[in-house]
Amino acid sequence: MKHFILFFSTILLFLGCSKESYTTFSNMPDTKLIKSNFQKLPNWDDEEYSNALNSFIESCKTSKTKKIYGDLCVKAAAATDAKEFLTTYFIPYKISSADASQDGLLTGYYEPELKGSLTKKEPYIYPIYKTPKDLVVVDLTQQYPELKGYRLRGKLQGNKLVPYYDRENANANTLDAEVLCYTDSKIDLFFLEVQGSGRVTFENGETIFIGYDNQNGYPYSSIGRYLADIGAIPLQEVSLQSIKRWLEENPSKIDEVLNYNKSMVFFRQKEQSATGSLGVTLTPKRSIAVDRKYIPLGTMLYLSAKTDEVDFNHIVMAQDTGGAIKGSVRADIFLGYGEEAKERAGKLKAPLKLWILLPKEESL
């Protein structure tokens, strides 16, 4: 128990929380928490508490969630009243961004399905690569503890480590990498990389699951923002659907636009459908991707986002990350698999409010 209390104190510091109602922490200057309560959470009384608790229990199978919540993972499995358990053992803290604004951005993602072939043949000519054999990943933590979580990626050129191929050069060269399979659409392959995982169905009806394994070391750059900057699509109309439509209508520009994002993702075959960085199967509307510089993986949060099209007010679990997810009040919510999920995810952009649910000290 003493170890759990010590860790809880550490996680409060990590998140920028103390006994004061509003504070920052020097190691994370852009993360601010404001102590709140459940009755201040939008639509809290309409929450499906049992589903929320089940998501927490599922996440408790991972070491990261167990490390944060300790004995509460054990108590959750035995809880008979989900709402009572949540309100008894947790306190919500509202997350504020660096400029003290409490509104952020919610977007959505989904598990795409591509058509594919194990052999290269028309129209299946675009390779889905495994991690290249010559990709070198350097963990800087041992020599530079302040860079914990950062990785340096490149390839050896003589006795020097140089940047790995960016997207344009990777497509122009033969990578030293095995090919999982081939697909029929360069555009769909790009969006598979953005989503991070998906499934590929072959002509014989067989389906395989694939997921993120590594990337080439370049930061993610938004092609939607690029298309807006060049006047191709108004910024307010940028979505997965509008980007794909523009690319299909301008085939001579496909490479130029896709290569704007130098980041390239490599995949591995998986035994199950979409799983996130935390290692658990993602649950539609209950799993989100976060920026772990601000929000630790494995934490439980309450999310509120409302537009004319969507109204999300749910407990969610931080179970994934993504190159485009930057900032403290920023989340990407997993919406599932299929065309409906794709349609909703592609269009979702909503103002976001986030609360992190942490254990009550007095419950320890």
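Residues numbered from 1 in each chain as written. Predicted model: local features only at pLDDT ≥ 70, side-chain atom pairs only at ≥ 80, totals over all residues. Heavy atoms only, no water.

Visitor: Is there a simple way to think about the sheet that holds strand β9 (residues 160–162) in this case?
Guide: Strands pair in a sheet through their backbones, by hydrogen bonds, and they do so in one of two ways: parallel or antiparallel. Pairing is antiparallel across the open sheet formed by three strands, whose spatial order is β7-β8-β9. This sheet does not close on itself; its edge strands, each paired only once, are β7 (136–139) and β9. Taking each pair of neighbouring strands and ignoring which way they run, the sheet shows an average axis angle of 55°. Here β7 pairs with strand β8 (residues 151–157) via four bridges, running antiparallel. Counterpart to V136 in the pairing with β8 is G154. (Pairing = 2+ DSSP bridges. Helix = DSSP H or I, 4+ residues; strand = E, 2+ residues; numbered from the N terminus. Axes fitted to C-alpha atoms, helices over the stretch in contact; angles between N-to-C directions.)

Visitor: Can you walk me through the pattern of salt bridges in this structure?
Guide: Two side chains of opposite charge can pair, provided their charged atoms sit close to one another. By the definition in use, this model includes 14 salt bridges. The shortest N-O distance in the salt bridge between E256 and K253 comes to 3.6 Å. Residue K253 is classed as partly exposed on the basis of its relative accessible area, which comes to 36%. A salt bridge links K347 to E343; the nearest nitrogen and oxygen atoms lie 2.7 Å apart. Of this pair, K347 and E343 are both found in helix α11 (residues 339–347), four residues apart, which corresponds to roughly one turn of the helix. Taking relative accessible area as the criterion, K347 reaches 52% and is therefore assigned exposed. (Salt bridge = Lys/Arg side-chain N within 4 Å of Asp/Glu carboxyl O. Buried < 20%, exposed > 50% of the residue type's maximum accessible area, 1.4 Å probe, protein only.)

Visitor: What am I meant to see in the pairing of strand β5 (residues 113–117) here?
Guide: If a strand is regular, its side chains alternate between the two faces of the sheet. Where β5 meets strand β11 (residues 197–202), four bridges bridge the pair, whose relative direction is parallel. Paired with G116 across the strands is F202, a residue of β11. Here β5 pairs with strand β10 (residues 179–183) via two bridges, running antiparallel. Of the residues in β10, the one forming a bridge with S117 is Y182.

Visitor: Just to check I follow, could you spell out the nonpolar core for this structure?
Guide: What tends to happen in soluble globular proteins is that the nonpolar side chains get buried as a cluster. Residues F56, Y69, F90, L106, M300, L301 and L303 are the most contacted members of the largest nonpolar core, which totals 68 residues. For this core, the element with the highest residue contribution is strand β18 (residues 349–359), accounting for seven residues. When neighbours within four sequence positions are excluded, M300 is seen to be in contact with F56, Y69, L86, F90, I315, V316, M317, W355, I356 and L357. (Core = buried A, V, L, I, M, F, W, Y, C linked by side-chain atoms within 4.5 Å. Contact = heavy atoms within 4.5 Å.)

Visitor: Would you mind showing me how to read the packing of aromatic side chains here?
Guide: Two descriptors summarise a pair of aromatic rings, namely the distance from one centre to the other and the angle between the planes of the rings. With the rule as written, the count across this model stands at 13 aromatic pairs. Both rings, one in F190 and one in F191, keep their centres 5.8 Å apart while their planes meet at 85°; by these two values the pair is edge-to-face. When the ring of Y302 is compared with that of W355, the centres are 6.1 Å apart and the planes differ by 65°; the resulting orientation is edge-to-face. Residue Y302 is found in strand β15 (residues 300–306), and its partner W355 is found in strand β18; the two are separated by 53 residues along the sequence. Look at W355 and you get buried, because its relative accessible area is 3%. Grouped by ring-pair contacts, the aromatic residues F38, W44, Y49, Y302 and W355 constitute a single cluster. For the cation-ring pair, K155 lies above Y165, with the distance from its terminal atom to the ring centre recorded as 4.9 Å. Above the plane of the ring of Y337 lies R199, whose end atom (NZ or CZ) is 3.6 Å from the centre. (Phe/Tyr/Trp six-rings, centres within 6.5 Å; stacked < 30°, edge-to-face > 60°. Lys NZ or Arg CZ within 6 Å of the ring centre and 35° of its normal.)

Visitor: Please explain unusual backbone geometry as it appears in this structure.
Guide: For residues other than glycine, phi is negative in most cases, and the peptide bonds are mostly trans. A cis geometry characterises the amide bond from E122 onward to P123, with omega recorded as 0°. Note that P123 resides in the loop between β5 and β6 (126–129). Even without a glycine there, the phi angle at N43 is positive, about 60°. Residue placement: N43 occurs in the loop between β2 (28–35) and α2 (49–59). Taking relative accessible area as the criterion, N43 reaches 39% and is therefore assigned partly exposed. If you check the backbone angles, K285 has positive phi at about 65° while not being a glycine. Mapped onto the secondary structure, K285 falls in the loop between β13 (265–270) and β14 (287–289).

Visitor: Just checking my understanding: could you explain the pairing of β8 for this structure?
Guide: As paired strands, β8 and β9 are joined by three bridges and run antiparallel to one another. Among the inter-strand pairings, K155 is bridged to a residue of β9, identified as V162. Hairpin connection from β8 to β9: two residues lie between these consecutive antiparallel strands, with G158 at a positive phi of about 70°.

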